[in-house]
Number of protein chains: 2
Amino acid sequence: MARRNDHSRDEIKALALDAAEALLIEEGVAGVSARKVATRIGYTAGSLYQVFANLDDLYWQINLRTLKRLNSALLPRQSLGAAEQLAGLASDYVTFAKQHRALWSLLFEHRSASSCSMPEALSQQIEQLFQEIEVLLARLNPRADSEQVRCAARAVWGGVHGVAVLTLRDKLFLQQTTAEQAILASLIENFINGWQQESGHASTAAY
Amino acid sequence: MARRNDHSRDEIKALALDAAEALLIEEGVAGVSARKVATRIGYTAGSLYQVFANLDDLYWQINLRTLKRLNSALLPRQSLGAAEQLAGLASDYVTFAKQHRALWSLLFEHRSASSCSMPEALSQQIEQLFQEIEVLLARLNPRADSEQVRCAARAVWGGVHGVAVLTLRDKLFLQQTTAEQAILASLIENFINGWQQESGHASTAAY
DNA sequence: AACCTTAATTAAACATCGTTTAATTATCAA
DNA sequence: TTGATAATTAAACGATGTTTAATTAAGGTT
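In the nomenclature of an unreviewed UniProt entry, chain A corresponds to TetR/AcrR family transcriptional regulator from the organism Neptunomonas marina.

1. Points about the relation of the copies chain A and chain B
Once chain A has been moved 0.0 Å along the axis and rotated by 180°, it coincides with chain B to within an RMSD of 0.1 Å. Taken together, the turn and the small shift mark the pair as related by a two-fold rotation axis. Most of the interface of chain A is mirrored in chain B, where 100% of its interface residues are also at the interface.

2. Regarding the protein's contact with DNA strand D
Around DNA strand D there are 26 residues in total, and R35, Y49 and L55 of chain A together with R3 and S47 of chain B lie nearest to it. In DNA strand D, the atoms that sit within 4 Å of the protein are 69% sugar and phosphate, with bases accounting for the remainder. Y49 of chain A is positioned such that a nitrogen or oxygen atom in its side chain is 2.6 Å from a phosphate oxygen of DNA strand D. Within the contact set of DNA strand D, a phosphate oxygen lies 3.5 Å away from a side-chain nitrogen or oxygen of Y43 of chain B. At the level of elements, helix 2 (34-40) of chain A together with helix 1 (9-27) and helix 3 (45-48) of chain B are the ones that each hand at least two residues to the surface near DNA strand D. With three residues, the single largest contributor to the surface near DNA strand D is helix 2 of chain A.

3. Quick look at the UniProt feature "domain: HTH tetR-type" (unreviewed entry) in chain A
Here the UniProt-annotated "domain: HTH tetR-type" (unreviewed entry) positions come out as residues 10-70 of chain A. With 74% helix and 0% strand, residues 10-70 of chain A has its two end C-alpha atoms placed 23 Å apart.

4. Comments concerning the environment of D10 of chain A
Residues and elements named next belong to chain A. Following the sequence through the fold, D10 ends up in helix 1 (residues 9-27). Since its relative accessible area comes to 60%, D10 is described here as exposed. With 41 residues separating them along the chain, D10 and V51 place their C-alpha atoms 8.1 Å apart.

Here is what the cut-offs are and how they apply
Residues numbered from 1 in each chain as written. Chains lettered and ligands numbered in written order. Predicted model: local features only at pLDDT ≥ 70, side-chain atom pairs only at ≥ 80, totals over all residues. Heavy atoms only, no water. Least-squares fit on C-alpha atoms with pLDDT ≥ 70 in both. Contact = heavy atoms within 4.5 Å. Near = heavy atom within 4 Å. Polar contact = N/O pair within 3.5 Å; in protein donor to acceptor, adjacent residues only side chain to side chain. Helix = DSSP H or I, 4+ residues; strand = E, 2+ residues; numbered from the N terminus. UniProt positions renumbered as here; feature names shortened; annotations may be inferred. Buried < 20%, exposed > 50% of the residue type's maximum accessible area, 1.4 Å probe, protein only.

Structure (structure tokens):
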């Protein structure tokens with residue numbers, strides 16, 4: 001058969017992404033194959049290549065979707081103080097990771113073979129997140145210079161990310177299921193306490 | 001041909017692991033295939049299955065090696081104070097990750113399809129690392145109870161791990177190459193400062 | 001209506017993959 | 001010398017990502 005015109009290009013793209021996400025959730029990343037995705041939407045593997053450059057392209061587009069959802073899962077909480085906002089963001093982040101394990105894993109743990117560099121759209125979304133953190137940290141310690149704030153934002157967010165990673169991999173060896181929230185609280189609280197009393201001296205110790 | 005007896009079982013195992021590691025470093029995880037590994041050591045793909053249950057088994061054994069190397073890359077520094085020891089360990093950890101990108105990525109980012117649970121030997125090594133951290137943190141804040149220490153150890157080490165992950169993925173958007181050391185320093189220093197002044201009250205805030 | 005161009009869709013092919021199987025053959029014990 | 005054992009291989013199987021040529025429907029032009 002040929003030229004069915006059942007769906008527009010964009011429709012097929014959306015259908016394929018939906019099917020791939022479902023497959024990803026059901027069977028994990030290993031379960032996502034061109035043939036399976038295509039079959040689910042009533043097409044053939046070859047058709048996908050009219051809409052995606054390759055499977056990595058499809059993965060990146062799923063990641064873009066995931067990152068958008070993640071951004072909208074990070075609630076504002078503007079009524080609270082900066083410390084509570086930061087803790088809330090961290091909690092939201094890890095909660096999202098737990099709720100969308102498969103999508104989150106693809107976003108952060110999938111090695112793409114072909115185009116090793118991240119698409120521009122993805123980078124921008126991440127950088128935007130960093131800037132939110134920087135604003136909060138600057139408010140918590142107005143004495144810190146911009147370079148310190150940059151460092152601290154990456155430190156604390158790397159930390160939150162690390163807790164999320166290890167939680168999803170069960171590499172924290174926790175008893176309770178909800179314990180990662182206590183760990184997050186420890187991370188944020190202690191970091192902020194230290195950050196608020198940080199003096200202006202640049203701390204570049206070498207080990 | 002058959003029954004060459006050129007090498008013992010253990011020798012073949014070691015040869016295969018060496019070849020697989022080299023392949024991993026040269027071409028990334030996608031470049032490691034049963035046929036390629038076998039060819040490199042002068043055998044055939046089928047022979048590997050006499051020594052490994054499957055490729056995931058081979059991956060786990062590489063990971064076990066990597067973890068041992070990582071452990072011996074974490075230098076003691078017993079002459080220094082607890083804070084400096086912790087910072088040193090963190091620095092060693094990220095340095096190791098950068099120096100052994102491919103091996104490190106396999107250890108922490110490879111999703112194994114078949115046996116999803118981690119082998120016992122791996123878990124033990126990780127738990128041992130956590131306990132070192134706990135000792136140092138307990139020394140830094142003797143007022144903290146054991147549950148707080150457990151949380152803090154996982155928080156700070158999750159944090160270090162997260163910085164390592166994001167560094168290797170270039171998702172921290174850093175200018176300088178050495179900047180991740182500054183970030184690590186910020187993480188450790190601020191966390192420890194907060195941790196040392198932490199009072200005994202349990203902090204279980206919900207967001 | 002008839003024709004032609006265009007573009008979507010498919011089936012088939014290709015190389016590769018992990019893994020299993022049967023066949024081969026070297027080694028060792030009797 | 002024979003026979004059992006075990007290592008090794010070649011070949012097969014199903015599945016993968018991707019490309020290719022062939023098909024055929026749709027849309028515009030006469």
